[in-house]
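Chain residues, written in single-letter form:
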Amino acid sequence: MDSKVNNPPGCHYNETVEFFYNHSGKLISPTWRKRDFLVVGLGLTVCIIVILANILVMTAIIINRRFHFPIYYLLGNLAAADLFAGISYLYLMFHTGPWTVKLKKQEWFIRQGLIDTSLTASVVNLLAVAVERHQTVFTMQLHSTMTNQRVVLLIVGIWGLAIIMGLVPTMGWHCICDLDGCSTMAPMYSRTYMVFWAGLNLLTFSIMVAVYTRIFIYVRHKSHRMSQHTTQVRHRQTVINLMKTVSMILGAFVICWTPGLVVLLLDGLDCVSCKVLNYEKYCLVLAECNSLMNPIIYSYRDKDMRRTFKRILCFLCRRSSDQEGEQSGVHFNTLEQENHNRETDSAKNGNNGAQLLALQNSGEPLPS
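Basis of the calculations
- Along each chain, residue indices are assigned from 1 in the same order as the chain's sequence is written.
- The predicted origin of the model limits local features to residues at a pLDDT of at least 70 and limits the giving and counting of side-chain atom pairs to 80 or more, whereas totals for whole chains, interfaces and linings rest on all residues.
- Side-chain numbers here rest on the full set of heavy atoms in the structure, without hydrogens or water.
- Confidence of the predictor at the level of single residues is captured by pLDDT, which takes values from 0 to 100.
- Secondary structure follows DSSP: runs of H or I at least 4 residues long count as helices, runs of E at least 2 residues long count as strands, and numbering of each begins at the N terminus.
- Working rule for contacts: check all heavy atoms of both residues, and any pair within 4.5 Å makes them a contact.
- Expected span of a helix, by definition, is 1.5 Å for each gap between consecutive residues, and there is one gap fewer than residues.
- For every residue, the accessible area obtained with a 1.4 Å probe (protein chains only) is divided by the maximum for its type, and the residue is called buried under 20%, exposed over 50%, and partly exposed between those limits.
- Interaxial angle, 0 to 180 degrees, is taken between N-to-C directions of lines fitted to C-alpha atoms, where a helix line uses only the stretch in contact.
- Any angle that is under 35 degrees is reported as roughly parallel, and any over 145 degrees as roughly antiparallel; angles of 65 to 115 degrees are reported as roughly perpendicular and all others as oblique.
- Put simply, a crossing is left-handed when the front helix is turned counterclockwise from the back one by less than a right angle, and right-handed when it is turned clockwise.
- The disulfide criterion is simple: two cysteine sulfur atoms within 2.5 Å.
- Residues are said to line a cavity or pocket when one of their atoms sits within 4 Å of a point; the points come from a 1 Å grid over protein atoms alone, cavities being sets where a 1.4 Å probe fits but cannot get out and pockets being open sets with protein on both sides within 12 Å along at least five of seven lines.
- Grid points are joined across faces, edges and corners, and a volume is the space filled by probe spheres set on the points.
- Side-chain classes are defined by residue name, with Ala, Val, Leu, Ile, Met, Phe, Trp, Tyr, Cys and Pro counting as nonpolar, Asp, Glu, Lys and Arg as charged, and the others, Gly among them, as polar.

K.L.:
What's the story with the confidence of the model for the protein in this structure? I'm lost.
P.N.:
A low pLDDT means the predicted coordinates there should not be read in detail. For the protein, the average pLDDT comes to 81, and 79% of its residues sit at 70 or higher. Here helix α10 (residues 335-362) stands out as the least confident element of the protein, with mean pLDDT 54; helix α5 (residues 148-167) is the most confident, with 93. Considering only residues more than four positions removed or in separate chains, one finds that residues 328-338, a stretch of pLDDT under 50, has six contacts.

Here's what the structure looks like:
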């Protein structure tokens, strides 16, 4: 796209990324400011934690058979979307600030497309979780009867749709041929696309909130009519606890992403007085933090998940300490091990003394 081509009338394919930024009023600083260092430093830290935390979640779901059900496969796919978001933001951190001016247009579209893809994957995945919970709760089941094959097809469909949505601006819904329609926050995106993108996601949020509200009303009504039999009460409580966990995940997602989407919507509507650039960085960091929220929620709400996390971390710690011990050739015993060794040595010395006394009494010669 950056090669020298004959521009169609009114198009600017030969222009640089900086040209579009200058036209939109989002000037690129030639030097690193304190705010740039703060945003990039904080962003890199959060990205690394997000990547490691969501790898932990995916590993836990894979190794623990108790999580081999459709709802947990979808939550694992949500962790994969968060992992992808962490990688996308990591790429963004190395291509932002004064580095932006060095980007080619295609590289800029890739940078933005990665974030769009990760958001779409998370939103569609949460919508799939909402539908799955609606199906199971209204039949008072803990887990869906959906086959593994259907779950795999659903996950493939989620990522297919996410990739397509991430490619839409690159495939033509941009403002390279319409400078007056360029966004301020994303200077090569069309404002009409920003309205479509933000409006679609906010509408999806509203639908998911409505679905979960209906589920909770149904569960509350159903709970009053169920018998107090121990098995039914326990089953009902398990269903409600899982619903609360999923609802917390949705709530955190809506809280973290809604401010950014509202700002994008205002930018798309060309609200000059809103000064959207003043809030852009804060909304970006808040959205990035959402990918870190889910592992924290799992650790707080799900005992099985928490125990699996501990198993994985303890295994890694033991393996690391074993490797260090082998490399150094020196092994340090714990206090309990030292006490055990002393008791063993005392027992051996006692046995040797008894044997010597027996030999003396029998008149046999003592060993030299």
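K.L.:
Is there a simple way to explain helix α4 (residues 105-137) in this structure?
P.N.:
Think of an α-helix as 3.6 residues a turn; residues three or four steps apart then line up on the same face. Taking 1.5 Å of rise per residue, 33 residues should cover 48 Å, and α4 covers 48 Å from first to last C-alpha, within 8% of that figure. With 24 of its 33 residues buried, α4 lies for the most part within the structure.

K.L.:
Which parts of the structure should I look at to understand the packing of helix α2 (residues 34-63) against helix α8 (residues 280-301)?
P.N.:
Each packed pair of helices is defined by two parameters, the angle between the axes and the distance between the axes. Close contact between α2 and α8 brings their axes to 9 Å; oriented N to C, the two are set at 25 degrees. The orientation of α2 with respect to α8, classified from their angle, is roughly parallel. Between α2 and α8 lies a crossing of left-handed hand. Judged by residue contacts, Val39, Leu42, Gly43, Val46, Cys47, Ile49, Val50, Ala53, Asn54 and Val57 of α2 engage Lys281, Val285, Glu288, Cys289, Ser291, Leu292, Pro295 and Tyr298 from α8.

K.L.:
Just checking my understanding: could you explain the state of the cysteines for this structure?
P.N.:
By definition, a disulfide links the sulfur atoms of two cysteine residues through a covalent bond. The full count for this structure, using the stated rule, is three disulfides. Covalently, Cys11 is tied to Cys177 through a disulfide, its sulfur atoms 1.8 Å apart. Since a negative S-S torsion denotes a left-handed disulfide, the Cys11-Cys177 link at about 105 degrees is right-handed. Of this pair, Cys11 sits in the segment before α1 (17-24) while Cys177 sits in the loop between α5 and α6 (191-225), and the two are 166 residues apart along the sequence. Going through the protein in sequence order and numbering each bonded cysteine, the pairs you get are 1-3, 2-4, 5-6. No disulfide involves Cys256; its sulfur sits 6.9 Å from that of Cys289, the nearest cysteine. Among the residues examined, Cys256 registers a relative accessible area of 7% and is labelled buried.

K.L.:
Explain the layout of surface pockets to me, please; I cannot follow it from the model alone.
P.N.:
Over the atoms a probe the size of a water molecule is rolled, and this reveals where empty space is left. Counted as a void, the largest pocket has a volume near 790 Å³. Taken together, 40 residues make up the lining of the largest pocket; nearest its centre are Lys26, Met185, Glu280, Lys281 and Leu284. Among the secondary structure elements, those contributing two or more residues to the lining of the largest pocket are α2, α3 (70-93), α4, α6, α7 (230-268) and α8. Split into classes, the residues belonging to the lining of the largest pocket amount to 24 nonpolar, eight polar and eight charged.

K.L.:
Would you take a moment to explain empty space enclosed by the protein for this structure?
P.N.:
Throughout the structure, instances matching the rule amount to three cavities of 30 Å³ or more. Considered as a void within the structure, the largest cavity measures approximately 40 Å³ in volume. Counting residues per element, the ones that place at least two in the lining of the largest cavity are α3, α4, α7 and α8. Its residues placed into classes, the lining of the largest cavity shows five nonpolar, four polar and one charged.

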